[in-house]
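Breakdown of the fold
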Amino acid sequence: MYPYLKALHIIFIVTWFAGLFYMPRLFIYATEANDKPLHEKEILQKQFAVMMKRLWYGITWPSAILTLVSGPTVMITGDWSKTVLQPEGRWLLIKLVFVVFLYAYHWSLHRIFKQEMKGMFRYTSQQLRLWNEVATVFLIAIVMLAVVKQSISLLWGVLSLILFIVLLMSAIRIYKLIRNRKS
């Protein structure tokens, strides 16, 4: 039974991340639609609103809830709950901290979603592009902890994550420069 529960948990995580990756892209597109002529802007924002609602309430939220239910179920069924406070389970404790922050990120997207549904665009497309990459950082940290477990030292793990974030931010900055030159 445990392998099936674990497989379902992974499926829910994948679908949840799909929503977390795509939702900020829709925020960016809806925000950039503000720069279009009025008629085009209205059509685009109406379409993006439909897409956002379907993605958020049809995929992202249900997947987040099912991940939240299946995670502890897998932990208890696989006896991981007994080792979480032991030295060999430290990786799981750190992973759970990242998961808590991932849910906080989810809530931040929900807040932006609600704002954009009301026609309030408080963030620039560049700010949203940066915020879009937060899910990538969480994905890498959580997957590395789940797969590598205690084989990776905390120091090297943190340094690698920081290096990845620096590279990611540099890539976003370079993309912005290239985009500005083309304009």
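Because the structure is predicted, anything quoted here is derived from the model rather than measured.

Before going further, it helps to examine a positive patch on the surface. Taken together, the side chains of Arg111, Lys114, Lys118 and Arg122 make up a positively charged region of the molecular surface. Examined against the element boundaries, Arg111 turns out to sit in helix α3 (residues 90-117).

Let's shift gears to the pattern of salt bridges. Two side chains bearing opposite charge may form a pair once their charged atoms approach each other closely. One pass over the structure, following the stated rule, counts one salt bridge. Put simply, Glu32 and Arg129 hold a salt bridge, and the shortest N to O gap is 3.1 Å. Within this pair, whereas Glu32 is found in helix α1 (residues 2-32), its partner Arg129 is found in helix α4 (residues 125-132), the two being separated by 97 residues in sequence.

Under the counting rule described, the total for this entry stands at twelve aromatic pairs. Pairing Tyr29 with Phe48 gives two aromatic rings, centres 5.9 Å apart and planes at 35 degrees, and the pair type is tilted. Of this pair, Tyr29 sits in helix α1 while Phe48 is found in helix α2 (residues 38-77), placing the two residues 19 residues apart along the sequence. Seen from their ring centres, Trp56 and Trp61 are 6.4 Å apart, and the 80 degrees between their planes marks the pair as edge-to-face. Neither Trp56 nor Trp61 differs from the other in exposure class; each is buried. Taken together, the ring pairs in this structure connect Trp56, Tyr57, Trp61, Trp107 and Phe113 into an aromatic cluster.

Residue placement: Lys95 occurs in helix α3. Setting aside anything within four residues of it in sequence, one finds Lys95 in contact with Ile142, Leu145 and Ala146.

It is worth spelling out the packing of α3 against helix α5 (residues 134-148) at this point. Between α3 and α5, whose axes approach to 9 Å, the crossing angle comes to 160 degrees. In terms of orientation, α3 and α5 fall into the roughly antiparallel class. The element α3 and its partner α5 pack so that their crossing is left-handed. For the pair formed by α3 and α5, the contact residues are Trp91, Ile94, Lys95, Phe98, Val99, Phe101, Leu102 and Tyr105 on the first element and Val134, Ala135, Phe138, Ala141, Ile142, Leu145 and Ala146 on the second. Per-class residue counts for the contact of α3 with α5 are 14 nonpolar, no polar and one charged.

Our next topic: the side chain of Thr67. Along the polypeptide, Thr67 turns up in helix α2. Using a relative accessible area of 7% as the deciding quantity, one classes Thr67 as buried. A polar contact is formed between the side chain of Thr67 and the backbone oxygen of Phe12, at a distance of 3.4 Å. When sequence neighbours within four positions are dropped, the list of residues in contact with Thr67 reads His9, Phe12, Ile13, Trp16, Pro72 and Tyr103.

Taken together, the side chains of Leu130, Ile165 and Met169 present a nonpolar region at the surface, about 200 Å² in accessible area. A residue is classified by how much of its surface remains accessible, and Leu130, at 34% relative accessible area, is partly exposed.

For the rest of this paragraph, the subject is the nonpolar core. In this structure, Leu20, Met23, Phe27, Met52, Leu102 and Tyr105 are the most contacted members of the largest nonpolar core, which totals 26 residues. Where this core is concerned, the elements lending two or more residues are α1, α2, α3 and α5. In contact with Leu20, other than residues within four places in its own chain, are Thr60, Leu102, Tyr105, His106, Leu109, Asn132 and Ala135. Counting five residues, the second largest nonpolar core, distinct from the first, contains Val84, Trp91, Leu92 and Leu145.

Thresholds, definitions, all that
- Residues numbered from 1 in each chain as written.
- Predicted model: local features only at pLDDT ≥ 70, side-chain atom pairs only at ≥ 80, totals over all residues.
- Heavy atoms only, no water.
- Patch = residues over 30% accessible without salt bridge, like charges linked within 9 Å, V, L, I, M, F, W, Y side chains within 5 Å.
- Areas by Shrake-Rupley, 256 points an atom, 1.4 Å probe, with all protein chains shown as cover.
- Salt bridge = Lys/Arg side-chain N within 4 Å of Asp/Glu carboxyl O.
- Lys, Arg positive; Asp, Glu negative; His and termini not counted.
- Charge placed at Lys NZ, Arg CZ, Asp CG, Glu CD.
- Helix = DSSP H or I, 4+ residues; strand = E, 2+ residues; numbered from the N terminus.
- Phe/Tyr/Trp six-rings, centres within 6.5 Å; stacked < 30°, edge-to-face > 60°.
- Buried < 20%, exposed > 50% of the residue type's maximum accessible area, 1.4 Å probe, protein only.
- Contact = heavy atoms within 4.5 Å.
- Axes fitted to C-alpha atoms, helices over the stretch in contact; angles between N-to-C directions.
- Parallel < 35°, antiparallel > 145°, perpendicular 65-115°, else oblique.
- Left-handed = near helix turned anticlockwise from the far one by under 90°.
- Nonpolar A, V, L, I, M, F, W, Y, C, P; charged D, E, K, R; others polar.
- Polar contact = N/O pair within 3.5 Å; in protein donor to acceptor, adjacent residues only side chain to side chain.
- Core = buried A, V, L, I, M, F, W, Y, C linked by side-chain atoms within 4.5 Å.

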